[in-house]
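Working through the structure, step by step
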Amino acid sequence: FGVVFSRFLHWYFNGEAYASFKAAFTDFNRGSYCLQGLFLGVWLAAFLAKKLRLTGSMSGLLDAAAPGLCLLVAFIRLSALFNTTCRGRITIKTPLLQHLPLAVASTDAAGNVTYRFATFFLAFLLMIVVTLVVWRFYLDDEERWMKWPCSGDGNTMRIALVLYGAVEIIMDSTRNDSPLMHFRFISQL
């Protein structure tokens, strides 16, 4: 479900990368994915598990999945080390800073090497910290009592979404290939 939602969001925000909606889901050599769709897919999977009576609590299932989901996001961000996505707009010119975790070498078509801010690597490091915080929050969640009318379940996933959102908004603002903020429907109005 996460792959489908991620591809759909990328098609929606970057429709010019695809010949058509059908091509977005049949030609996987073009385009990419928006990582936010992963969270929608996990939510849908938990919803279906609850409807199929495979779990007693959808929120409890999401809470259990939250630390692993944050770790998955961290490693997906790290995978940008092997391609040219998720690089920063900022050019690092100081030779002392031209290495990970701050910069990564980028070569253009003419063979010129520039060092760009390593957005993907900093996002990876931040998501590792988020994973540890969410994991600790999940372990301590059993001891935390909520006052009525707040539910005791779902808080770990909520804190994971808030922390992931904070990391993603800040890191996305530094990217030169940001997949977000291109709302085609709004711009057509």
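Located above this text is the structure these notes cover.
Keep in mind it's a predicted model, so treat the numbers as computed, not measured. (Residues numbered from 1 in each chain as written. Predicted model: local features only at pLDDT ≥ 70, side-chain atom pairs only at ≥ 80, totals over all residues. Heavy atoms only, no water.)

**Quick word on unusual backbone geometry**
- Note that the residue after Leu100, namely Pro101, is joined by a cis bond; omega there is 15°.
- A positive phi angle, near 60°, is found at Cys86, a position not held by glycine.
- Mapped onto the elements of the fold, Cys86 is located in the loop between α4 (58-78) and β1 (103-107). (Helix = DSSP H or I, 4+ residues; strand = E, 2+ residues; numbered from the N terminus.)

**Things to note about the environment of Asn83**
- Along the chain, Asn83 turns up in the loop between α4 and β1.
- Side chain to side chain, Asn83 and Thr85 meet in a polar contact 2.7 Å long. (Polar contact = N/O pair within 3.5 Å; in protein donor to acceptor, adjacent residues only side chain to side chain.)

**A few points about the pairing of β1**
- Summarising the sheet, β1 and strand β2 (residues 113-117) pair through five bridges and their orientation is antiparallel. Within β2, the residue paired with Ala105 across the bridge is Tyr115. (Pairing = 2+ DSSP bridges.)

**Things to note about the layout of surface pockets**
- Approximately 500 Å³ is the volume found for the largest pocket.
- Lining the largest pocket are 23 residues, with Ser32, Tyr33, Leu35, Ile76 and Arg77 positioned closest to its centre.
- Elements supplying a minimum of two residues to the lining of the largest pocket: α1 (2-13), α3 (36-51) and α4.
- Among the elements that make up the lining of the largest pocket, the one with the highest residue count is α1 (four residues).
- For the lining of the largest pocket, a count of residues per class yields 11 nonpolar, eight polar and four charged. (1 Å grid on protein atoms, 1.4 Å probe; cavity = no way out; pocket = protein on both sides within 12 Å on 5 of 7 lines; lining within 4 Å. Points joined across faces, edges and corners; volume = space filled by probe spheres on them. Nonpolar A, V, L, I, M, F, W, Y, C, P; charged D, E, K, R; others polar.)

**Things to note about the side chain of Thr156**
- For Thr156, the location among the structural elements is in helix α6 (residues 155-172).
- Once you skip the residues sitting within four places of it in the chain, Thr156 turns out to touch Asp63, Ala66, Val134, Phe137, Tyr138 and Asp141. (Contact = heavy atoms within 4.5 Å.)

**Focus on the packing of aromatic side chains**
- Overall, the coordinates contain nine aromatic pairs when judged by the stated rule.
- Taking the centre distance of 6.2 Å and the plane angle of 75° together, the rings of Phe8 and Phe21 count as edge-to-face. Of the two residues, Phe8 sits in helix α1 while Phe21 sits in helix α2 (residues 21-26), which places them 13 residues apart along the sequence.
- Phe8 gets classed as partly exposed once you look at its relative accessible area, which sits at 34%.
- Classification of Phe21 by relative accessible area gives partly exposed; the value is 41%.
- Here the guanidinium or amino end of Arg7 rests over the ring plane of Tyr33, the centre of that ring lying 5.2 Å away. (Phe/Tyr/Trp six-rings, centres within 6.5 Å; stacked < 30°, edge-to-face > 60°. Buried < 20%, exposed > 50% of the residue type's maximum accessible area, 1.4 Å probe, protein only. Lys NZ or Arg CZ within 6 Å of the ring centre and 35° of its normal.)

**With respect to the pattern of salt bridges**
- Evaluated as defined, the whole model comprises two salt bridges.
- Measuring nitrogen to oxygen at the nearest pair gives 2.8 Å for the salt bridge that ties Arg77 to Glu168. Within this pair, whereas Arg77 is found in helix α4, its partner Glu168 is found in helix α6, the two being separated by 91 residues in sequence. Residue Arg77 shares its accessibility class with Glu168, and that shared class is buried.
- Taking the shortest distance from any N to any O, the salt bridge between Arg136 and Asp140 comes out at 3.4 Å. In this pair, Arg136 and Asp140 are both assigned in helix α5 (residues 119-140), four residues apart and thus about one turn of the helix distant.
- Take Arg136: its relative accessible area is 49%, and that puts it in the partly exposed class. (Salt bridge = Lys/Arg side-chain N within 4 Å of Asp/Glu carboxyl O.)

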